[in-house]
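Per-entry structural report
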Amino acid sequence: MKKLLFSTLSLVMVFFAGGCGDSDLVDSAESKGAEQITIKIAWWGEKPRHDYTLEVIELFEEKYPTINVEPIYSNWDDYWKRLAPMAAGNQLPDIIQMDLLYLKTYTKNSLLEDLTPYINQEVIQTESISEGILSGGRIDENLYGFPLGLNAPAIIVDPNLLSSSGDSKPNAKWTWNNFEEIALQVQKDKGIYGTNGMKSPDVFFSYYLRTKGVNLYNKTGTGIGYDDDQLFIDYFNMQIRLLDEGAFPRADVTEQIKGIEDELLVKQQSAMQWVYSNQYIGFLQASNRQLELLPPPGPGQEVGLSVKPSMLFSMSKSSKHKEAAAQFINFFINDIEANKVIKGERGVPISTKVVEKLEKDLSPTQKKVFDYVNEVKNTNKKVDKADPLGSNEVVKLLQDVSEQILFKKITPTEGAQRFRTEANKILLNNN
């Protein structure tokens, strides 16, 4: 980066620039004396993530002065739209921030490099990282995504926006009925939404299913993982009840949310927000007021809640500078000063050494996130792995069905039938 400030135009140019070649491993910059090389790294996120990632890049460049790092960043939706043509043209950045939803798709098309050799050569240090955590980025025996941190589903609550009346209060052992009662009471007494729109139905519906002892996908990834459509119907009927009472936003309201600054909780238009735990810090910064972090409703949190790689770094097979890219991944994961800047925003660090060094310097709010994820990890040892091929299409389908239900174009029963039929067809055709 070398202090480079990117305008909107230059960001777009970077995305569509060339700079990729064959898949041969290229020697590190150190082995070539003073020769300057450039690697590109792409990620999605909000402004706080962009800001500190640029700081981390500067720290890396100070340590590796012959490696220049060009940043590429945007929000979630634009990120994947921009990445797709680059993948089609075999012109991906050297390092790609990856999500479990897309990991199998990119590996199926031979776009990603196996990181195992760089671990074996100790370019990427893993002695303080458990194999269980690394398994979150494995496809078969190959490591195509290096986890950047751990997170878990959660709910952020603004205690000052809760109703003072009513018997129920959010707590670690609350039920779905408690959640609904609290949301309704907030709307009645405060005249705002009780909860946000649960914009990622795959995340929260998956959690709901797990609390009922089933999963969104079956074990082979060839179909959905539950047999009783009443689970789908009950989940969306709850949202319809909240919607009818004004405690849940309409889909056209949530469609206007383009960034964290637009979120209903940040604008004090909702008392509760469904999130992943690593988002808590960003919401605190954006709202600049006291917020609480709680597990989603149960019962069944002990099986419904599990940790997952919040996101991963993948290396493109077309990268000309793979060893330099591996050095950056290692720096991001293991460097103490870098992680003091990151502060767990991409999830609780996966290195026990890093966690030990950071814990004594954590603010109370940062410690709250670390403690939450550790409690989930200690309760449920499972680490989420890559979603099956076709899952990105299934998620789009679920989002579409969810919107049609909330716009009352179809009933939850009709939605359940459509989702089952089309999701099974997608998964069967892709696997």
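Everything below is about the structure shown above.
Note that the structure is predicted; figures quoted are calculated from it, not measured. In this numbering scheme, every chain counts its residues from 1 along its sequence in written order. In view of the model being predicted, local features appear only for residues whose pLDDT reaches at least 70, and side-chain atom pairs are presented and counted only at 80 or more, with totals across whole chains, interfaces and linings using the full set of residues. With hydrogens and water excluded, all non-hydrogen atoms of the structure serve as input to the side-chain values.

**Here we look at the overall build of the chain**
- Assigned secondary structure in the chain consists of 18 helices and 12 strands.
- The size measure is the radius of gyration over C-alpha atoms, and the globule rule it meets is 2.2 Å times the number of residues to the 0.38 power. Computed over C-alpha atoms, the radius of gyration of the chain comes to 22 Å, within 12% of the 22 Å expected from 2.2 N^0.38 for 431 residues, which places it in the range of a compact globule.
- Once the C-alpha set of the chain is aligned to its principal axes, its extents read approximately 70 × 50 × 45 Å.
- Classification of residues uses two cut-offs on accessible area relative to the type maximum, computed with a 1.4 Å probe and protein chains only: under 20% is buried, over 50% is exposed, and between them is partly exposed. Across the 431 residues that make up the chain, the buried fraction comes to 59%.
- Two residues qualify as a contact provided that any one of their heavy atoms is within 4.5 Å of a heavy atom in the partner residue. Sequence separation of at least 24 residues holds for 77% of the intrachain contacts in the chain that already meet a minimum separation of 6.
- Shrake-Rupley sampling with a 1.4 Å probe provides the accessible areas, and residues are treated as covered by the protein chains on show and by no other component. Surface exposure of the chain reaches about 18400 Å², of which carbon and sulfur atoms provide 48%.
- Within the chain, one finds 47 positive and 58 negative side-chain charges whose respective centroids are separated by 1 Å. Strands here mean DSSP runs of E at least two residues long; helices mean DSSP runs of H or I at least four residues long; both are numbered from the N terminus. Positive residues here are Lys and Arg, negative ones are Asp and Glu, while His and the chain termini are left out of the count. Think of each charge as sitting on NZ of Lys, CZ of Arg, CG of Asp or CD of Glu.

**Overview of the packing of aromatic side chains**
- Geometry of aromatic contacts follows a simple scheme: Phe, Tyr and Trp rings, the Trp one being its six-membered ring, pair when their centres are within 6.5 Å, and the pair is stacked under 30 degrees between planes, edge-to-face over 60, tilted otherwise. In total, this model carries 30 aromatic pairs according to the counting rule given.
- Ring plane angle 90 degrees and centroid distance 5.0 Å describe the contact between Trp44 and Trp76, whose orientation is recorded as edge-to-face. Of the two residues, Trp44 sits in strand S1 (residues 37-44) while Trp76 sits in helix H3 (residues 76-88), which places them 32 residues apart along the sequence.
- With 5.9 Å between their ring centres and 25 degrees between their planes, Phe232 and Phe419 make a pair best called stacked. Of this pair, Phe232 sits in helix H9 (residues 230-244) while Phe419 sits in helix H18 (residues 412-430); the two residues are 187 residues apart in sequence, bridging distant segments of the chain.
- Look at Phe419 and you get buried, because its relative accessible area is 0%.
- For the cation-ring pair, Lys409 lies above Phe407, with the distance from its terminal atom to the ring centre recorded as 5.9 Å.
- Two limits define a charge over a ring: the Lys NZ or Arg CZ must be within 6 Å of the ring centre, and within 35 degrees of the ring normal. Here Arg420 stacks its cationic end above the ring of Tyr226, 5.3 Å away from the centre of that ring.

**Quick word on the nonpolar core**
- Judged by nonpolar contacts, the single largest core of 140 residues is most densely connected at Tyr106, Phe146, Phe232, Phe328 and Phe419.
- Of all the elements, H9 adds the most residues to this core, at 9 residues.
- For Phe328, the residues in contact, after removing those within four places along its chain, are Ile39, Ile41, Ile57, Phe60, Val69, Ile95 and Phe313. We define a nonpolar core as any set of buried Ala, Val, Leu, Ile, Met, Phe, Trp, Tyr and Cys residues linked to one another through side-chain atoms lying within 4.5 Å.

**Re helix H13 (residues 322-334)**
- Multiplying 1.5 Å by the helix residue count minus one yields the expected span of that helix. Between its first and last C-alpha, H13 extends 18 Å over 13 residues, near the 18 Å set by a 1.5 Å rise per residue.
- Of all 13 residues that make up H13, 13 are buried, and the element is covered over most of its length.

**Description of the sheet that holds strand S12 (residues 312-315)**
- With mixed pairing, 5 strands are arranged side by side in an open sheet as S2-S1-S3-S12-S6. Two strands in the sheet have a free side with no partner beyond their single neighbour: strand S2 (67-74) and strand S6 (146-147).
- Strands pair, by our definition, only if DSSP identifies at least two bridges between them. Note that strand S3 (residues 95-98) and S12 share 4 bridges and pair antiparallel. Its bridge partner lying in S12, Ile96 is registered against Ser314.
- The axes used here are C-alpha line fits, helices contributing only the stretch in contact, and every angle between their N-to-C directions lies in the interval 0 to 180 degrees. Helix-sheet contacts for helix H2 (residues 47-63) involve S1, S2 and S3, and the interaxial angle to S2 is about 170 degrees.
- In the packing of helix H4 (residues 100-108) onto the sheet, contacts are made with S3 and S12, and the angle to S3 comes to roughly 135 degrees.

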